[in-house]
Amino acid sequence: MQNGDTVMSEGSLHSSTGGHHHYYYDTHTNTYYLRTFGHNTIDAVPNIDFYRQTAAPLGEKLIRPSLAELHDELDKEPFEDGIANGDEMTPAEEAAKEVNDPKGVVKFGWVKGVLVRCMLNIWGVMLFIRMTWIVGQAGIVLASVIVLMATVVTTITGLSTSAIATNGFVRGGGAYYLISRSLGPEFGGSIGLIFAFANAVAVAMYVVGFAETVVELLNVRTINLTNSIFFFFFFFFFFLNLFFFFFFFFFFLNLCFSLSKAQIFLLVILVMAIFNYLIGSFISLESKEAKGFFGYRGEILFENLGPDFRDETFFSVFAIFFPAATGILAGANISGDLADPQLAIPRGTLLAILITGIVYLGIAVSAGSCIVRDATGNVNDTITGQFSNCTEAACKLGYDFSSCKPGTCNYGLHNDFQVMSVVSGFGPLITAGIFSATLSSALASLVSAPKVFQALCKDNIYPGLGLFAKGYGKNNEPLRAYLLTFFIGLGFILIAELNTIAPIISNFFLASYALINFSVFHASLANSPGWRPSFKYYNMWVSLAGAILCCGVMFVINWWAALVTNVIVMALYIYVSYKKPDVNWGSSTQALTYHQALTHCIRLTGVEDHIKNFRPQCLVMTGYPNTRPALLNLVHDFTKNVGLMVCGHVRMSARRPNFKELANEQGRYQRWLLKNKTKAFYTPVYAEDLRQGAQYLLQAAGLGRMRPNTLVLGFKNDWRDGDMKDVETYINMIHDAFDFQYGAVILRLKEGLDVSHIQGQDELLSSQEKSSGIKDIILNIDPGKDSDADSSKPSSKAPSTHNSPAMQKDEDDDGKAPTQPLLKKGRHPTFYKKSPTTPLNVNDQKLLEASTQFQRKQGKGTVDVWWLFDDGGLTLLIPYLVTNKKKWQDCKIRVFIGGKINRIDHDRRTMATLLSKFRIDFSDITVLGDINTKPKKENISAFEEMIEPYKLNEDDMEQEAAEKLKADEPWRITDNELELYKTKTQRQIRLNELLKEHSSTANLIVMSMPLARKGAVSSALYMGWLESLSKDLPPILLVRGNHQSVLTFYS
């Protein structure tokens, strides 16, 4: 060892992957560390492989030495921090394994993978057979506005996509992956399904565009029944051939590289077709003038500047054009097949938007400057006479097309979708360009849709779709998803109308773009340290504007389609939120939730408390949350959605505290609370004794204003059977609560509260782990280790009583600890009879029955409030909150108060007035005028017999001996104390008699807790009061507030 660094050889360090894979740090052979520091050390230097995820496609994940391996004593085993992954790899790990094997896997650069794909997709069917029609409808100016609007939307979306894509490694799934990892599975799952569907429908759009061109070539201009049948069969067979062409290339020959070459070839044809048109536009031929092409003329330019909408509007034309801009995610959709997605997606996408935007604007201006809107195609329609009523631009150029009426002429911007072929220098090259554009776009969409859908299915967000997640071959191709895409596209080609299909997918794509933009805004707003995109040319407010713009355009294009799209998104969002998929992607939603929680907590600290906003915020001494289910459930009934609930647990150990295990248990039982839908926090602490631990919790639990103000305990049923020092500790906890200005609440069930000693937990543990949707809800703890957690065997020291304090004490020798049952809500207690070791006795059966009583709906009954002393109103507030809950709503509140016999009516009216001002409903008010009546002799005798073992009996010994005994055992009761508090003692006995008389059938009793002056009343006497007051009764809550008002009748 040098400088405190431990030299450990192979096999001395263990990985944290559950024992299935071990990583070793042999510092004798690690010369890198030796060169760096001049001596061997196991303290690893920074390495990128430490930061990879488990399924890291670009390299193997390494495990750095844990803090325990560097910090713990040498005689201790290295502490394993990880969670076992099991023998089977997850789908992500399988995919990573496939990707890590470079044999046969093709990765694309930014040109072939993104730029070429995006340009091919954007230069789709719209460029050649709809752009000129858009110019004819909207005019040059508005057509340019349409192009610029689409370019603005796509540019902002492209910037947002680039920001997300450069904020960490990007896997396959395109828009779905970007949105889901940013906003979470709810938005990602809903938009992923819609985006995949939109790409599948886009295949149909491109195929229909291809078929339109073929129909034009065949001069099929009037559509009758025969031609409709032709359309159908043509679409069907073309699409079928397209699919099998694609299938053949990808799966049987595995020629992805050849396909990338084919895409470049198609792009070359497209570029040649575009240049062919531009060159042809400068060559004016007399033979083309009758078809509306006159070359660049100022007259045509000025005539076509303005709009001439025919059965269309600006936004309907925009809706038809916008799908041309939807190709910007063609590269991102195959992000899993890119060599470097972080570089390729921003560079390729933004450059493609720029180039294609310029080309679309150029085509719009060019077509509007050299082609008239209507032409007959008849060379005889020249102006022959000197006088003519013709005023159009064609008239000035020698042609009179005034005979054209909408639908009667076959040429011109309005009428001929193939007019670019007329203009071009070589018409067949335009046709080849159309075929190239439609084929490449259809192929790109046919690739994108299955890839996105496969990524969605792999995440198992929609369980029924898991069969589509399976991939085949080295490239993990989604064969099943391809088949599904084929049938979806085949269904939509039956529409056979390009102008109808285009607006359908516009809304789906716009919804995707809106969420991509919103993802960037949301991530920036959350201000998470994990949001560090290397692409800096974005702005959160621009992204928000882009999201709003996308939503606005959706409604402008087609308001009812936009509503349907939003309803579908929200329905899928609600479904995923309800299912709560078992994923954690570190989304911006989580980051923003934390940011808002932190902001509001800090803001609350600057706000003074007000009576109207008082909430019972309870520190509940439950021990393990599942050991006292009745206590947990009842407190949850009046804190759920109202106030804070902290489950306190004091851990005491004769050995040195194991803080790592404490941290693990905190996360473990917190997840158990979440799974059982209990809105509470589990907070364990180590302490020397229960009182010290409770003091820690009373001082430190909570945050700012979110701190407990009420201590809740279970009644100590076994106080007469155990060590009286425990009683002293228990009573002092109540005194400490009052010293800290807390209220105090004690729950007593005559059957008991603590179910930790009952066997049969193993079945529950295994059944809940198998059925749980949350991984690692309860882990199996090795009972042989130094642990005070759950064990597979019951402790030999498990108490026979049911209600020990809310603590857990480690065993010294055998390492065993009491097992903790997991009471599942709604499960009948007889489930525990499955234990093969010891059947349940009658008392345990009653205990389990009682422990679940607050999980069930309470029938018609009463909650009896014995508000004998004014503690600020907490005794009244708690039953009010309880009866507001659905399962308590059939219970009526009955109020019992003390009074004088000669003023019963007056006291009742006074209390009724007070309750009405507090706006608390009640069914009855009972004034007890006989509280101070002397109790029955047999009850007094029973009390005296109960406290006899705890009396000091100072009259029977010398004064010095009595003082020494009192100092050693301060809980003992003196004769003077008994005499001084005789009246108060008899009142507790009498109140128990009245409780049995009036409230023996109540569902719950809430009663003012008697106070004992600290230092004057011994713990044994106070415990005797609580025992005498609450014994042999229905569930009873003894409540004492801190005497600060918690109710007010002022507005």
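Quick caveat: nothing in here was measured; it's all calculated off a predicted structure.

**Regarding the overall build of the protein chain**
Then comes step 1: The secondary structure content of the protein chain amounts to 35 helices and 11 strands.
Then comes step 2: Counting every position in the protein chain, which comprises 1051 residues, the buried fraction comes to 53%.
Then comes step 3: Looking at the protein chain as shown, the accessible area adds up to about 47400 Å², and 57% of this sits on carbon and sulfur atoms.

**Quick look at the nonpolar core**
Then comes step 1: Counting 129 residues, the largest nonpolar core has Trp123, Phe128, Met131, Phe321 and Tyr360 as its most contacted members.
Then comes step 2: Residues contacting Trp123, with those up to four places away along its chain left out, are Leu267, Leu270, Val271, Ile274, Ile355, Thr356, Val359, Tyr360, Ala437 and Ser441.

**Re the pattern of salt bridges**
Then comes step 1: Summed over the entire model, instances satisfying the criterion amount to 21 salt bridges.
Then comes step 2: Salt-bridge contacts for Asp739 lead to Lys1014; the nearest nitrogen and oxygen are separated by 2.6 Å. Placement of Asp739 in helix H26 (residues 724-739) and of Lys1014 in the loop between strand E10 (1004-1008) and helix H35 (1019-1030) is noted, with a sequence separation of 275 residues between them.
Then comes step 3: For Asp739, a relative accessible area of 44% corresponds to the partly exposed category.
Then comes step 4: The partner of Glu993 in a salt bridge is Arg990, with the nearest N and O atoms 3.0 Å apart. In this pair, Glu993 and Arg990 both sit in helix H34 (residues 982-998), 3 residues apart, roughly one turn of the helix. Taken as a pair, Glu993 and Arg990 share a single burial class, namely buried.
Then comes step 5: Connected via shared salt-bridge partners are Asp308, Arg310 and Asp374.

**Points about the packing of aromatic side chains**
Then comes step 1: Throughout the structure, instances matching the rule amount to 27 aromatic pairs.
Then comes step 2: Ring geometry for Phe509 and Tyr513: centres 6.4 Å apart, planes at 40 degrees, overall tilted. Linking Phe509 with Tyr513, this pair stays in helix H19 (residues 498-526), spanning 4 residues, or about one helical turn.
Then comes step 3: Overall, the relative accessible area of 0% leaves Tyr513 in the buried class.

**Some details on the side chain of Asn1003**
Then comes step 1: Position of Asn1003 among the secondary structure elements: in the loop between H34 and E10.
Then comes step 2: A residue is classified by how much of its surface remains accessible, and Asn1003, at 16% relative accessible area, is buried.
Then comes step 3: A distance of 3.3 Å separates the side chain of Asn1003 from the side chain of Gln858, its partner in a polar contact.
Then comes step 4: In this structure Asn1003 touches Gln858, Gly859, Gly861, Thr862, Trp888, Cys891 and Pro1035, once residues within four positions along its chain are discounted.

**Examining the confidence of the model for the protein chain**
Then comes step 1: Per-residue confidence for the protein chain gives a mean pLDDT of 77; residues scoring 70 or more make up 77%.
Then comes step 2: Looking across the protein chain, the model is least confident in helix H27 (residues 761-771), with a mean pLDDT of 41, and most confident in strand E1 (residues 618-621), with 94.
Then comes step 3: In this model residues 760-805 is a low-confidence stretch, pLDDT under 50, and it forms 118 contacts with partners more than four residues away in sequence or in other chains.

**A short note on unusual backbone geometry**
Then comes step 1: One non-glycine residue, Asn641, adopts positive backbone phi at about 60 degrees.
Then comes step 2: Within the secondary structure layout, Asn641 lies in the loop between helix H23 (629-639) and strand E2 (645-652).
Then comes step 3: Positive phi values are uncommon outside glycine, yet Gln741 reaches one of about 65 degrees.
Then comes step 4: Looking at where Gln741 falls in the secondary structure, it is placed in the loop between H26 and strand E5 (743-748).
Then comes step 5: In this structure Gln741 comes out as partly exposed when scored by relative accessible area, which is 47%.

**A few points about a positive patch on the surface**
Then comes step 1: Residues Lys580, Lys640, Lys677 and Lys679 make up a contiguous surface patch of positive charge.
Then comes step 2: If you trace the backbone, Lys640 turns up in the loop between H23 and E2.

**Describing the pairing of E5**
Then comes step 1: Counting buried residues along E5, 6 of its 6 residues qualify, which places the element largely inside the surrounding structure.
Then comes step 2: What you see with E5 is no split at all: Gly743, Val745 and Leu747 on one side and Ala744, Ile746 and Arg748 on the other are buried throughout.
Then comes step 3: Both strand E4 (residues 710-714) and E5 contribute to a ladder of 5 bridges, which runs parallel. Note on E5: the bridge partner recorded for Gly714 is Leu747.
Then comes step 4: One crossover worth recording links E4 to the parallel E5 by way of H26, and it is right-handed.
Then comes step 5: In terms of strand pairing, E5 meets strand E11 (residues 1036-1040) through 5 bridges, oriented antiparallel. Opposite Ala744, over in E11, you have Arg1040 as the bridge partner.

**So, a nonpolar patch on the surface**
Then comes step 1: Taken together, Phe275, Ile279, Phe282, Ile283, Leu285 and Tyr296 make up a surface patch of nonpolar side chains, about 620 Å² in accessible area.
Then comes step 2: Relative accessible area serves as the criterion here: at 63%, Phe282 is assigned to the exposed category.

**What to know about the environment of Pro1034**
Then comes step 1: Structurally, Pro1034 is set in the loop between H35 and E11.
Then comes step 2: Taking the C-alpha atoms as reference points, Pro1034 and Ser999, separated by 35 residues in sequence, lie 8.0 Å from one another.

**Quick word on helix H25 (residues 690-700)**
Since the α-helix turns once every 3.6 residues, residues separated by three or four places project in the same direction.
Then comes step 1: Of all the positions in H25, only Leu690, Gly693, Ala694, Leu697 and Leu698 are classed as buried. Summarising the axial view, the buried residues of H25 lie within an arc of 140 degrees, below the 170-degree limit, and thus occupy one face.
Then comes step 2: Here H25 starts with a cap whose side-chain oxygen sits 3.1 Å from the backbone nitrogen of Arg691, and that cap is Asp689.

**Re the packing of helix H6 (residues 131-165) against helix H14 (residues 341-370)**
A pair of packed helices is captured by two measures, namely the crossing angle of their axes and the spacing between those axes.
Then comes step 1: Their axes nearest at 9 Å, the elements H6 and H14 cross at an angle of 170 degrees. Taken as axis vectors, H6 and H14 run roughly antiparallel relative to one another.
Then comes step 2: Classifying every residue of the contact of H6 with H14 gives 18 nonpolar, 13 polar and no charged.

**Considerations on the environment of Trp531**
Then comes step 1: Relative to the assigned elements, Trp531 resides in the loop between H19 and helix H20 (540-557).
Then comes step 2: Relative accessible area serves as the criterion here: at 15%, Trp531 is assigned to the buried category.
Then comes step 3: Taking the C-alpha atoms as reference, Trp531 lies 9.0 Å from Gly168; in sequence the two are 363 residues apart.
Then comes step 4: Aside from chain neighbours lying at most four places away, what touches Trp531 is Ala163, Ile164, Asn167, Val520, Ala523, Ser524 and Tyr538.
Then comes step 5: Within the local environment of Trp531, its side chain forms a polar contact with the side chain of Ser524, the two groups lying 3.3 Å apart.
Then comes step 6: A distance of 3.0 Å separates polar atoms of two side chains, one belonging to Trp531 and the other to Tyr538.

Reading the values: rules and limits
Residues numbered from 1 in each chain as written. Predicted model: local features only at pLDDT ≥ 70, side-chain atom pairs only at ≥ 80, totals over all residues. Heavy atoms only, no water. Helix = DSSP H or I, 4+ residues; strand = E, 2+ residues; numbered from the N terminus. Buried < 20%, exposed > 50% of the residue type's maximum accessible area, 1.4 Å probe, protein only. Areas by Shrake-Rupley, 256 points an atom, 1.4 Å probe, with all protein chains shown as cover. Core = buried A, V, L, I, M, F, W, Y, C linked by side-chain atoms within 4.5 Å. Contact = heavy atoms within 4.5 Å. Salt bridge = Lys/Arg side-chain N within 4 Å of Asp/Glu carboxyl O. Phe/Tyr/Trp six-rings, centres within 6.5 Å; stacked < 30°, edge-to-face > 60°. Polar contact = N/O pair within 3.5 Å; in protein donor to acceptor, adjacent residues only side chain to side chain. pLDDT = per-residue confidence, 0-100. Patch = residues over 30% accessible without salt bridge, like charges linked within 9 Å, V, L, I, M, F, W, Y side chains within 5 Å. Lys, Arg positive; Asp, Glu negative; His and termini not counted. Charge placed at Lys NZ, Arg CZ, Asp CG, Glu CD. Pairing = 2+ DSSP bridges. Right-handed = clockwise from strand over helix to strand, strands pointing away. Arc of directions from axis to C-beta. Axes fitted to C-alpha atoms, helices over the stretch in contact; angles between N-to-C directions. Parallel < 35°, antiparallel > 145°, perpendicular 65-115°, else oblique. Nonpolar A, V, L, I, M, F, W, Y, C, P; charged D, E, K, R; others polar.

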